[in-house]
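Below are the chains, spelled out letter by letter.
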Amino acid sequence: MENASTGAEGGAVQARSTMRVTLEVNGREHALDVQARTTLLDALRDRLHLNGTKKGCALGQCGACTVLMDGERVNACLVLAVMAQGRHITTIEGLRGGDGLLHPLQRAFLDHDGFQCGYCTPGQIMSGVGCIEEGHAGSRAEIRQYMSGNICRCGAYVNIVEAIFETAVGTRP
Amino acid sequence: MSGLAYARAASLESATEVIGSHRAAEVIAGGTDLLQRLEEHVLPPPLVVDINGVEGLRAIEVDDHEIRLGALVRLNQVIESAPVRDAFPAIVEALIVTASPQVRNLATVGGNPLQKTRCLYFRDQSTPCNKREPGSGCGALEGRNRINAILGGSEHCIATHPSDFAVAMAALDATVLVVGARGERRLPFTELHRLPGDTPHLEHNLAPDEVIEGYRLTRTPLARHSHYLKVRDRGEFEWAICSAAVALELDHGGRIADARVAVGGVATKPWRLGQVETALQGRQATAEAFAEAAALSVQNAVAHGDNAYKLALLPRTIARALTELRERL
Amino acid sequence: MGAIGKPVARVDGPAKVTGTATYAAEFHPENMAYAALVHGTIPRGWIKSIATDAAESVPGVIAVVTHLNAPRLPWKPVDAAPVDPGEGEQLRPLHSDEILFAGQPIALVIAESQETARAAAALVSFTCVPSDGAGLVFDRARARPPSDGTRESYPAEWERGDAEGAFASAPRRIEGSYLQPRLFHNAMEPHATIAAWDDEGKLTLWDKSQWVDNVRDQITRNFGLAEDEVRVISPFVGGAFGSALRCWPHVTMAAMAARIARRPVRLELTRRELYTAVGYRPYTLQDVKLAADEDGRLRSVIQTAYGLTSAYEDYGEEVLDPVGMLYDTMSARTVYRLVELDTNTPTPMRGPGAVTGVFALEMAIDEMADAMDMDPLEFRLKNYAERDLKKDLPFSSKALRSCYETAALRFGWEKRDPRRRAMHDGNMLVGYGMATAVWPAMQAPASVRIRLFANGTAVVRTAASDMGPGTYTSMTQVAADRLDLPVERVTFELGDSSLPMAPVHGGSMTMASVGNAVAAGCKKLRDDIARLDGAEDGEHPVETLMRLRRDSFEVDGAAEPGAEAGTHSSYAFGAVFAEVRVDPDFGTVRVPRLVGAYDGGVIVNPRTARSQAIGGMVQGIGMALMEAGEWDDRLGRVMNANLAEYLVPVHADVEELEAVFVESEDRIFNPLGVKGIAEIALCGVAPAIANAVWHATGLRIRELPLTPDRLLMAEQAARTS
Ligand SMILES: Cc1cc2nc3c(=O)[nH]c(=O)nc-3n(C[C@H](O)[C@H](O)[C@H](O)COP(=O)(O)OP(=O)(O)OC[C@H]3O[C@@H](n4cnc5c(N)ncnc54)[C@H](O)[C@@H]3O)c2cc1C
Ligand code: SF4
Ligand code: FES
Ligand code: FES
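Residues numbered from 1 in each chain as written. Chains lettered and ligands numbered in written order. Predicted model: local features only at pLDDT ≥ 70, side-chain atom pairs only at ≥ 80, totals over all residues. Heavy atoms only, no water.

1. Points about the sheet that holds strand S13 (residues 265–268) of chain C
Residue and element names in this part refer to chain C. Taken together, seven strands build an open sheet; the order of strands is S3-S6-S1-S13-S10-S11-S12 and the sheet is mixed. Every interior strand has two partners, whereas the edge strands, strand S3 (61–66) and strand S12 (230–233), have only one. Each strand axis lies, on average, 20° off the axis of its neighbour in the sheet, ignoring direction. With four bridges joining them, strand S11 (residues 203–207) and S12 adopt parallel strand pairing. What sits directly across from Thr204, in S12, is Arg231. Sitting on the sheet, helix H6 (residues 212–223) is in contact with strand S10 (192–197), S11 and S12, with an inclination near 145° to S12. (Pairing = 2+ DSSP bridges. Helix = DSSP H or I, 4+ residues; strand = E, 2+ residues; numbered from the N terminus. Axes fitted to C-alpha atoms, helices over the stretch in contact; angles between N-to-C directions. Contact = heavy atoms within 4.5 Å.)

Below, the structure written as structure tokens:
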């Protein structure tokens, strides 16, 4: 099935197993040749060497790979790189506070010791940013519910919830 | 054949033509189940046809009579929709307890009912499974089947249909809008899925060239009075071990004029329980009536070892869902 | 500056919150290729044929390696590392046609990209001939004592007094069987190794490891290399909990692949592979018999454990160690047995042994208290051991009484209604339960290199590891404290086998081992500088260096366990209190609150220590309520080998957690006075929760996890009996 043209004439559909994509990550465009099979996660980590986005399961089951796509949190392991073409991707490397330094949530993670090994941390932070922006950080219980797609095996949950809660309160209009 | 080919369809017509002419080709919408299968080599399709570029499938259309969901509407989009929440609360409640916020930002309402089972054997490609590999046997029947079905199984397969959304849709008499090479057709949601019988690999009644364009949901007082309850081992982020979508309409005397009950996590397809609905009709909406009717849910149920607890759990889940709903009415 | 005891923020925190901390799979040596594995499916037998041509013909595939063409490695004998089982030999990957367990790697594909390697691996086809092996059914009738090499640490039988006799004659008796399933570490970072050979035949490994020196030693022997020809680098470890103690077969395969490809190769395991490529906490069945006097004094404790091991290695653990020492019992007896299965070998998982043994013992103690109509805490206090009766030694320190008191007070234990099924919150049943926690404090030899600069900074280096507890931070504090420098001026480097020797990062002994080496090194540094010609009394060593115009000064320091080890018994202790809510219809259990108080000796950093303690509680919630490998004993596979069906706690499962460290220091055990807290934090949590579930429901469920199916079936059984 190498790059065969298939399907209806007119609305012809190009089927390809490798292709060139342009990924817009943290405001920068990257042209890449990828396989159809390549996930956004693998493209970020193995091709762009943006290691901050973590791979914990590659099945959507842990949240370590959470990034923002057009401002919404998604699992990078569940997105084909070709399908991320034309979308705005933000990873932990692109997260910044207003002063160009740490984002308030990153700072809150430091203040509340919201991690141990740090492996789930970028995913927790990106997910936390999404959670706050969606307006689902109104109470600790709500945060627990809306952060449950991010597993922390080190068990830093209560500290993470505190960090998100504090940041949400601080950024509320 | 190594790996995967990808194609983008600009219209549903071209998508249906490609999948109709390429055996085993599948459309990809949110990709949240397809990518799990690709990663684990579970029935990996050789070709995926991306329908996300198709116009007009991402809208939730609302009028006085009905609500239409386009196939590409994201699960979170439905949750945030006030009209859906108001007219079909069971659907929103089912989606809020579905997967994770991240997954729900990707996953579509078209793909959700077509996700594959979580049966442990289906998902481990090195084990026997009639659904994955017809004729190879059913690993779950006498194996680790804690999550498997007690309703609708056959000697060939007892896999549950894992969707929450589909249970609510089945309860609320949704209609599936289908597009194929020969045009459009409508299908009651309850007829979308098939029983495993001796062909567990055939899961639904869409022809090879057909795709889901969307759904229609008729606004009814019954649907407004609906509720979804999900039971699971951990607090969040798990498929149901048992769930119930229920709807009740009471008359002025507090008697049940009409009822809908569908259950999930226990059956091989989104499972309407007609006998429970009938038993509820005409009764006062009391805990006793709920329990008696709910007990009928397991009349034809068959347990297979690890999943025997569902015989106790299912009636209680239904009864609790009804009780919680009545308290809201 | 007194940095010890301060809640210093993690020194590696900024790297972790910005995504710049680099874990094993994230190094990108130039021209790297990627490997993927092919796995056998039968549990025991031989590979009859294996066809690799389809995979080889995939564009981008560099090589496919099987037992037929794999390089013959010397496999020099390994003096078993303390992390290896006492008997047997680890799987030699791609070494022969023999299959020892389902999921064993039988081929390796090397390709230009990870996707290609994975896709090609799926094209390798093979046929196998099954043969008889140890079997797949855990049957205690097949149990046997641990073999010679294992027996010493895990005695087959041990007894103090006449335990059976005392049991038979005691007025109050209970007995029960307890099951703990197979549990998986499931750290968030999958195991991964990048291997690169240089032109001189030297090997660099970037590996996920809790013990870089061990990986170096084992790979050195497997490949017949000299010690200075292998370097293992592991600056960040994304959690491990024991899974990265050993040098697993995939590390050897990564090095093999890199040699074949003649370029760096990465082998990153998938989540599913982690269930067979590394170990797990073994399925363990236990029988406990307790007997007491009418007044509640324990007369006899008899505990038998049947632990699972593989057919090719004898993995044992100290399940029964707490039995003889936790309570003041007149007599005690333990019996330890192993049951072989055709499966991969278990390995230590956080609190190995003790967590398992304490689960059964602490549930039994609770049952005994109930049988005596005594408060569970009062019963434990009544049988409080002032001395280690097992070793017949005094404890070097023991503040368990204060743990009980502190935790009970914070928890509000006095509000507990002694009757079961008596406390409610709306429709929910409420239960309170508690348990004791214990873990042997250990120390091993460790060494460090410390360089102090005249600009007032210092660098401390050792081959230690930090899988999350905060080694970087706490060691920085120890050095800052002992060198009288601000914490920001001290840098700590670890995770590199070229640095001075450090012991395994496990068993809660990093603080006692490496921490004391750092302290000793700092002292040596100060002493040596003070002895320099021209040094003046009482001045800070930095001043001396400046005045003597020396840029820097370096020493090697070391510490090892003191002689006190033979004269005292050293343990960390804890008390855990749990509140549960049980839905009486569904059998679902939630844990709104856990309170733990710990005697872990001196706490170097209360902030990271608290994180470690509450992290243990979270894992304990998992162990109590949801975690279990679902073993198919026809196929020899764990069926739920992912993170969606092997459930671990998520945010929604965790509400209030409180960890308190009681006043404690153990200067007899070591100069820093630390005992360790990593393992103790998990110990006792599951039985505390299980005891609370009993209190809430009246159902005594002796099998973990306490999932709705178990509760509902137990309820049914209780109703029919
Ligand atoms: C970690 C995790 C947890 C989850 N938990 C839950 C849960 O608790 N409850 C629950 O219900 N679900 C759960 N899901 C499943 C998730 O909801 C589904 O994967 C998702 O809804 C599928 O939609 P999709 O658009 O991503 O489908 P895709 O993955 O794109 O496709 C799935 C299937 O549907 C077909 N398909 C897609 N769209 C169409 C269409 N318009 N017409 C015809 N065929 C189509 C595809 O060909 C494919 O066969 C979970 C998923 C993950 C990853
Ligand atoms: S229950 Fe169905 S899906 Fe599961 S193993 Fe049997 S055939 Fe396969
Ligand atoms: S790596 Fe994407 S969710 Fe686990
Ligand atoms: S910090 Fe280790 S997994 Fe969350």
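2. A look at the domain arrangement of chain C
Residue and element names in this part refer to chain C. Its domain assignment divides chain C into domain 1 (32–132 + 188–239 + 244–277) and domain 2 (444–560). At the interface, 17 residues of domain 1 touch 17 residues of domain 2. Summed over the shared surface of domain 1 and domain 2, the number is one salt bridge. Between Asp496 and Arg231 there is a salt bridge, and its shortest N-O distance comes to 2.5 Å. Linking domain 1 to domain 2 there are 10 residue pairs in polar contact (both at pLDDT 80 or more). (Domains from an automatic or database assignment. Salt bridge = Lys/Arg side-chain N within 4 Å of Asp/Glu carboxyl O. Polar contact = N/O pair within 3.5 Å; in protein donor to acceptor, adjacent residues only side chain to side chain.)

3. Describing the site of ligand 2
Taken together, the neighbourhood of ligand 2 is formed by 14 residues, with B:Cys119, B:Cys129, B:Cys138, B:Cys157 and B:Ile158 sitting nearest. Considered class by class, the residues forming the shell around ligand 2 number nine nonpolar, four polar and one charged. (Near = heavy atom within 4 Å. Nonpolar A, V, L, I, M, F, W, Y, C, P; charged D, E, K, R; others polar.)

4. Remarks on the site of ligand 1
Taken together, 38 residues lie near ligand 1, and B:Glu26, B:Val27, B:Gly31, B:Thr32 and B:Thr108 sit nearest. Neighbouring residues of ligand 1 are distributed over chains A and B. For ligand 1, an oxygen atom lies 2.9 Å from a polar atom in the backbone of B:Leu34. When ligand 1 is considered free in solution it has 970 Å² of accessible area, and contact with the protein chains removes 97% of it. Breaking the shell around ligand 1 down by element, the ones donating at least two residues are strand S2 (26–28), helix H2 (34–40) and strand S8 (211–218) of chain B. Class assignment of the residues belonging to the shell around ligand 1 gives a composition of 19 nonpolar, 13 polar and six charged. (Areas by Shrake-Rupley, 256 points an atom, 1.4 Å probe, with all protein chains shown as cover.)

5. Remarks on the interface of chain A and chain B
The interface is formed by 42 residues belonging to chain A together with 37 residues belonging to chain B. Across the chain A/chain B interface, buried area totals approximately 3200 Å², and carbon plus sulfur atoms make up 63% of it. Inspection of the chain A/chain B interface yields one salt bridge. A salt bridge links B:Glu39 to A:Arg37; its shortest N-O distance comes to 3.0 Å. (Buried area = accessible area lost by both parts, 1.4 Å probe.)

6. So, the side chain of C:Ser508
Residues and elements named next belong to chain C. On the secondary structure map, Ser508 appears in the loop between strand S24 (490–493) and helix H13 (510–530). Separated by 2.9 Å, the side chain of Ser508 and the backbone nitrogen of Glu679 make a polar contact. Among residues more than four places away in sequence, those in contact with Ser508 are Trp439, Lys675, Gly676, Ile677, Ala678 and Glu679.

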